[in-house]
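A closer look at the structure
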Amino acid sequence: MRSERVQEVNGKAEAPGGYVLYWMQGAVRGRGTLALDWAAAAAAERKLPLLAVFCLVDDFPSASPAHYRHLLEGLRETAADLADKGVRLAVARGAPGRIVGAFAAGAALVVADCGPLRIQRTWLADATREVPCRLVRIEADAVVPIAAASPKEEWSAYTLRRRVMPLIDLFLDGCDERAPRRSSIGLPLPASCAPLLADLGRVSASPPGAAPARAPEQRLRARAGHRAARAAFDDFL
């Protein structure tokens, strides 16, 4: 994976922690993500287990209960895929900055996949203030990292396309599906994390989100999860 995808966020040193923390927020899946590959390699290099955390935010803009049910269904598949790699997934409910800070208390290093949306940048800024150790962000959402695509805001698709197209082959990084050497299944969490953990069954029974005016008619046709997404993509191709 090219170094342009790796961004040092807070300039802090690594700590003598008991695990590497993978903050999974943008790419919610246990396979096919460069950020997870980088985190697994970092954990293996340090001979530490890799612990993953996802922050369940109750007030994501325009999200309805149907969207949250879809997300929660996909999280179950993600947890199983991560477990196959020896990675425990903790789902915590609340503000990402507070959650990541709590889980980072026992970490040597924090790896984030947080994306470029305004709300994601806000979460990352909040986490930066809370995380006591080194925080690294991996650009895994786009084929060409945003910073490499252009140093400024482009005023048209035409000007951006001229910059991006010559870089695509350079940044076609494949996923190695790496796994850490040590498992985090059954790993004890810092005491401050326990009150933050979410019960997926209870949340699914009464999901958060703002119900739209025509809520009874809202149906998500797509099946949840990474496998269903890959099948849909293959069918499209």
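Residues numbered from 1 in each chain as written. Predicted model: local features only at pLDDT ≥ 70, side-chain atom pairs only at ≥ 80, totals over all residues. Heavy atoms only, no water.

The next subject is the packing of aromatic side chains. Scanning all chains against the criterion turns up one aromatic pair. A centroid spacing of 6.1 Å and a plane angle of 50 degrees characterise the contact between Phe60 and Trp123, whose relative ring orientation is tilted. A residue pair is termed long-range when its members are at least 10 positions apart, and Phe60 in the loop between strand 3 (50–56) and helix 2 (65–84) and Trp123 in helix 4 (residues 118–130) qualify at 63 residues. The side chain of Arg2 reaches across the aromatic face of Phe171, ending 5.2 Å from its centre. (Phe/Tyr/Trp six-rings, centres within 6.5 Å; stacked < 30°, edge-to-face > 60°. Helix = DSSP H or I, 4+ residues; strand = E, 2+ residues; numbered from the N terminus. Lys NZ or Arg CZ within 6 Å of the ring centre and 35° of its normal.)

So, about the environment of Arg163. As for its placement among the helices and strands, Arg163 is situated in helix 6 (residues 157–164). Placed 19 residues apart in sequence, Arg163 and Val144 show a C-alpha to C-alpha distance of 10.0 Å. Ignoring anything within four residues of it in the chain, the contact list for Arg163 reads Ala149, Ser150, Pro151, Lys152 and Glu154. (Contact = heavy atoms within 4.5 Å.)

Where helix 3 (residues 96–104) contacts helix 4, the axes come no closer than 8 Å and their chain directions differ by 35 degrees. Judged by the twist between their axes, the crossing of helix 3 over helix 4 is right-handed. In this structure, helix 3 contributes Pro96, Gly97, Val100 and Gly101 to the contact, and helix 4 contributes Trp123, Asp126, Ala127 and Glu130. Its residues assigned to classes, the contact of helix 3 with helix 4 comprises four nonpolar, two polar and two charged. (Axes fitted to C-alpha atoms, helices over the stretch in contact; angles between N-to-C directions. Left-handed = near helix turned anticlockwise from the far one by under 90°. Nonpolar A, V, L, I, M, F, W, Y, C, P; charged D, E, K, R; others polar.)

Once that is clear, we can look at the environment of Ala13. Counting through the fold element by element, Ala13 comes out in the loop between strand 1 (6–8) and strand 2 (19–23). According to the relative accessible area criterion, Ala13 is exposed, its value standing at 59%. In this structure the C-alpha to C-alpha distance between Ala13 and Leu135, which are 122 residues apart in sequence, comes to 8.7 Å. Among all residues touching Ala13, those that are not within four sequence positions of it are Cys133 and Arg134. (Buried < 20%, exposed > 50% of the residue type's maximum accessible area, 1.4 Å probe, protein only.)

On to the confidence of the model for the chain. Across the chain, pLDDT averages 89, with 97% of residues at or above 70. Ranking the helices and strands of the chain by mean pLDDT puts strand 2 first, with 97, and helix 5 (residues 146–149) last, with 84. (pLDDT = per-residue confidence, 0-100.)

On to the pattern of salt bridges, then. Evaluated as defined, the whole model comprises 18 salt bridges. Note that Arg2 is salt-bridged to Glu4, the shortest N-O span being 3.0 Å. Take Arg2: its relative accessible area is 28%, and that puts it in the partly exposed class. Residue Arg31 is joined to Asp84 by a salt bridge in which the shortest nitrogen-to-oxygen separation is 3.6 Å. In this pair, Arg31 sits in the loop between strand 2 and helix 1 (34–45) while Asp84 sits in helix 2, placing the two residues 53 residues apart along the sequence. (Salt bridge = Lys/Arg side-chain N within 4 Å of Asp/Glu carboxyl O.)

This brings us to the pairing of strand 5 (residues 107–112). The buried fraction of strand 5 amounts to six of the six residues, a majority that puts the element mostly inside the structure. One ladder, built from five bridges, connects strand 2 with strand 5; its direction is parallel. Looking at the pairing, Leu21 lines up with Val110 of strand 5. Here strand 5 runs beside strand 6 (residues 134–138); their pairing, made up of four bridges, is parallel. Residue Leu109 lies in a different strand from strand 6, and its bridge partner there is Arg134. Read as a crossover between parallel neighbours, the route from strand 5 over helix 4 to strand 6 is right-handed. (Pairing = 2+ DSSP bridges. Right-handed = clockwise from strand over helix to strand, strands pointing away.)

Right, let's get into helix 1. End to end, helix 1 covers 16 Å across 12 residues, agreeing with the expected 16 Å (1.5 Å per residue, within 8%). In terms of residue burial, helix 1 counts as a mostly covered element, since 10 of its 12 residues are buried. Those residues of helix 1 lying buried are Leu34, Ala35, Leu36, Asp37, Ala39, Ala40, Ala41, Ala42, Ala43 and Ala44. In the core, the buried residues of helix 1 are packed alongside strand 2, strand 3, helix 2, strand 5 and strand 6. Note on helix 1: the residue one or two positions beyond its end, Lys47, has a positive phi of about 55 degrees. (Expected span 1.5 Å × (residues − 1).)

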